Amino acid sequence: MMFSLSLKQSTLTPIPKITNHRTIFPVKSFSSPPKINKPLHVSSIQTFGPLGPLQSLKHDDDHREKSVIICKAYEADGEFVVEKTEAAKRVKIGFYFATWWFLNVIFNIYNKKVLNAFPYPWLTSTLSLAAGSAIMLVSWATKVAEPPTTDLDFWKALFPVALAHTIGHVAATVSMSKVAVSFTHIIKSGEPAFSVLVSRFVLGEAFPMSVYLSLLPIIGGCGLAALTELNFNMTGFMGAMISNLAFVFRNIFSKRGMKGKSVSGMNYYACLSMLSLLILTPFAIAVEGPKMWAAGWQNAVSEIGPHFIWWVAAQSVFYHLYNQVSYMSLDEISPLTFSVGNTMKRISVIVSSIIIFHTPVQPINALGAAIAIFGTFLYSQSKQ
């Protein structure tokens, strides 16, 4: 005979004496209920003897039977541990997102400063990857970070991720070299639309109708902002669109590649940077070349001064840092949630770049950006 009951502190009252029955509890007897900070759950109630306790009470004195009741209980602290774990995880992800967004704003400011004085996006992209690779190699050598354990299969799985990352990185840099930072990020706020379309038609995933409807203001807002952009440039527009598509594939492949791997998000992005650097370097040399870089560098230093070198170093280091933190976030969330966080991050980038670079914005252009961002909010709500 087994029961599953829940006892709270208020129900622990003295138990009345039962004639010819012996009740045994695995706790010391007490005259008043003890102070219990956690609720108790009864794990089992067992009866030993010919008859159960309720049946025995019905017999007369000539047929009284003795029975034993054993009650076992435990403190129910498991549910509190789960709640604390989930709360800690939410705080951790929130910290990652805030740090990611802050570092990204700093990167975009210095990146645009560099590109205004040194319009060579292929070399600028290469330097960003080179700085990150150098930082992680030094960290591993000095044991500041634990070096990852990898094999050939790991690098094979990483290659398509690195290829998509390289394309997306260069395309975004090309876009920002041609148009305002705010315009690039308004177009790139359409990334959730690319994420849903790729997931639906390439991966075969289905979504609720509310998710598809939420894409309409995103696409419409981006289109309105593009049509009303004062400094519209087709190269800049296409660069942002290509970057959207490439980064969606990068995020999906990254999430798949990280499953079942002992490599952390931080080390995963470090390996990604190194492989992307190997992919990008020969193309950067072929497209631009050392002669163009030398002439452009000399011209930038003569116009800006020593500050230009600091700008290049800052944009390279902050690029690695914000991406490293974003991959630490990707360890905890899905690719679609990552895209939403990436889009919400653009609000701070758009606003800060407009203020710092005094970018002229028409009311209709601002309305388009607001509609796209609002669509992203609806998208995140429909996903939940």
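In this text, all values refer to a predicted model and were calculated from it rather than measured experimentally. (Residues numbered from 1 in each chain as written. Predicted model: local features only at pLDDT ≥ 70, side-chain atom pairs only at ≥ 80, totals over all residues. Heavy atoms only, no water.)

*Asks:* Describe the overall build of the protein chain, with residues and values.
*Replies:* Summing up its helical and strand segments, the protein chain has 13 helices and four strands in all. Here the protein chain holds 384 residues, and 45% of them are scored as buried. (Helix = DSSP H or I, 4+ residues; strand = E, 2+ residues; numbered from the N terminus. Buried < 20%, exposed > 50% of the residue type's maximum accessible area, 1.4 Å probe, protein only.)

*Asks:* Explain the packing of helix α5 (residues 181-188) against helix α7 (residues 209-227) to me, and be specific about the residues and the numbers.
*Replies:* Taken N-terminus to C-terminus, the directions of α5 and α7 make an angle of 155°; their axes are 9 Å apart at the nearest point. With respect to α7, the axis of α5 lies roughly antiparallel. α5 and α7 meet at a crossing whose hand is left-handed. Counted together, F183, I186 and I187 of α5 and C222, A225 and A226 of α7 form the full contact between these two elements. (Axes fitted to C-alpha atoms, helices over the stretch in contact; angles between N-to-C directions. Parallel < 35°, antiparallel > 145°, perpendicular 65-115°, else oblique. Left-handed = near helix turned anticlockwise from the far one by under 90°. Contact = heavy atoms within 4.5 Å.)

*Asks:* Summarise the packing of aromatic side chains; cite the residues concerned and give the values.
*Replies:* Overall, the coordinates contain 14 aromatic pairs when judged by the stated rule. For the pair F118 and Y120, a centre-to-centre distance of 4.7 Å together with 55° between the ring planes defines the contact as tilted. For F118, a relative accessible area of 2% translates into the label buried. Residue Y120 is classed as buried on the basis of its relative accessible area, which comes to 16%. (Phe/Tyr/Trp six-rings, centres within 6.5 Å; stacked < 30°, edge-to-face > 60°.)

*Asks:* Residue-level account of the side chain of E229, with values.
*Replies:* Note that E229 resides in the loop between α7 and α8 (234-258). Among buried Asp, Glu, Lys and Arg side chains, E229 stands out as unpaired, with K112 the closest opposite charge at 9.5 Å. Beyond its immediate stretch of four places on either side in the chain, E229 contacts F183 and N365. (Lys, Arg positive; Asp, Glu negative; His and termini not counted. Salt bridge = Lys/Arg side-chain N within 4 Å of Asp/Glu carboxyl O.)

*Asks:* Could you give an account of helix α3 (residues 121-141), with specific residues and numbers?
*Replies:* With 21 residues, α3 should reach 30 Å at 1.5 Å per residue; the first-to-last C-alpha distance of 30 Å fits that figure. Phi turns positive, to about 65°, at K143, one or two residues after α3. (Expected span 1.5 Å × (residues − 1).)

*Asks:* Run through the environment of F357, naming residues and quoting values.
*Replies:* Along the polypeptide, F357 turns up in helix α12 (residues 335-357). F357 sits in the partly exposed class, given a relative accessible area of 24%. On a C-alpha basis, the gap between F357 and A180 in space is 8.7 Å, while along the polypeptide they are 177 residues apart. Setting aside its immediate chain neighbours within four residues, F357 contacts I109, K112, K113, N116 and V181.

*Asks:* I'd love a proper account of α7, names of residues and values included.
*Replies:* For α7, spanning 19 residues, the distance from its first C-alpha to its last is 28 Å, which sits close to the expected 27 Å at 1.5 Å a residue. For α7, the complete set of buried residues consists of V211, S214, L215, P217, I218, G221, C222, A225 and A226. The arc that holds the buried residues of α7, viewed along the axis, is 165°, so those residues lie on one side. Seen from the open side of α7, the exposed residues pointing more than 90 degrees away from its buried face are M209, L216 and L227. (Arc of directions from axis to C-beta.)

*Asks:* Let's hear about a nonpolar patch on the surface: which residues, and what values?
*Replies:* Together, F159, L163, I167, F232, M234, M238 and I242 make up a nonpolar patch on the protein surface, roughly 620 Å² of accessible area in all. Of all the secondary-structure elements, those providing two or more residues to the nonpolar patch are α4 (152-178) and α8. Position of F159 relative to the elements: it lies in helix α4. (Patch = residues over 30% accessible without salt bridge, like charges linked within 9 Å, V, L, I, M, F, W, Y side chains within 5 Å. Areas by Shrake-Rupley, 256 points an atom, 1.4 Å probe, with all protein chains shown as cover.)

*Asks:* Help me get a handle on the nonpolar core, residues and values and all.
*Replies:* One broad rule of soluble globular proteins: the nonpolar side chains tend to lie buried together. Core analysis: the largest hydrophobic core is formed by 32 residues, its most contacted members being W140, L158, Y268 and L272. Every element with two or more residues in this core is listed here: α2 (78-117), α3, α4, α9 (265-287) and α11 (307-330). Among the elements that make up this core, the one with the highest residue count is α9 (ten residues). Not counting residues up to four positions away in its chain, the partners in contact with W140 are A145, E146, P147, P148, N267, A270, C271 and M274. In terms of nonpolar packing, the next biggest core, distinct from the first, is built from 13 residues, A117, F118, W293 and W311 among them. (Core = buried A, V, L, I, M, F, W, Y, C linked by side-chain atoms within 4.5 Å.)

*Asks:* An account of the confidence of the model for the protein chain is requested, with residue identities and associated values reported.
*Replies:* Counting all residues, the mean pLDDT for the protein chain is 79, and 73% of those residues have values of 70 or more. In this model residues 1-25 is a low-confidence stretch, pLDDT under 50, and it forms 47 contacts with partners more than four residues away in sequence or in other chains. Counting interchain partners and residues more than four positions distant, the pLDDT-below-50 stretch residues 51-65 has 18 contacts. (pLDDT = per-residue confidence, 0-100.)

*Asks:* Explain the side chain of S133 to me, and be specific about the residues and the numbers.
*Replies:* Here S133 lies in helix α3. If sequence neighbours within four positions are ignored, S133 has contacts with S273, M274 and L277.

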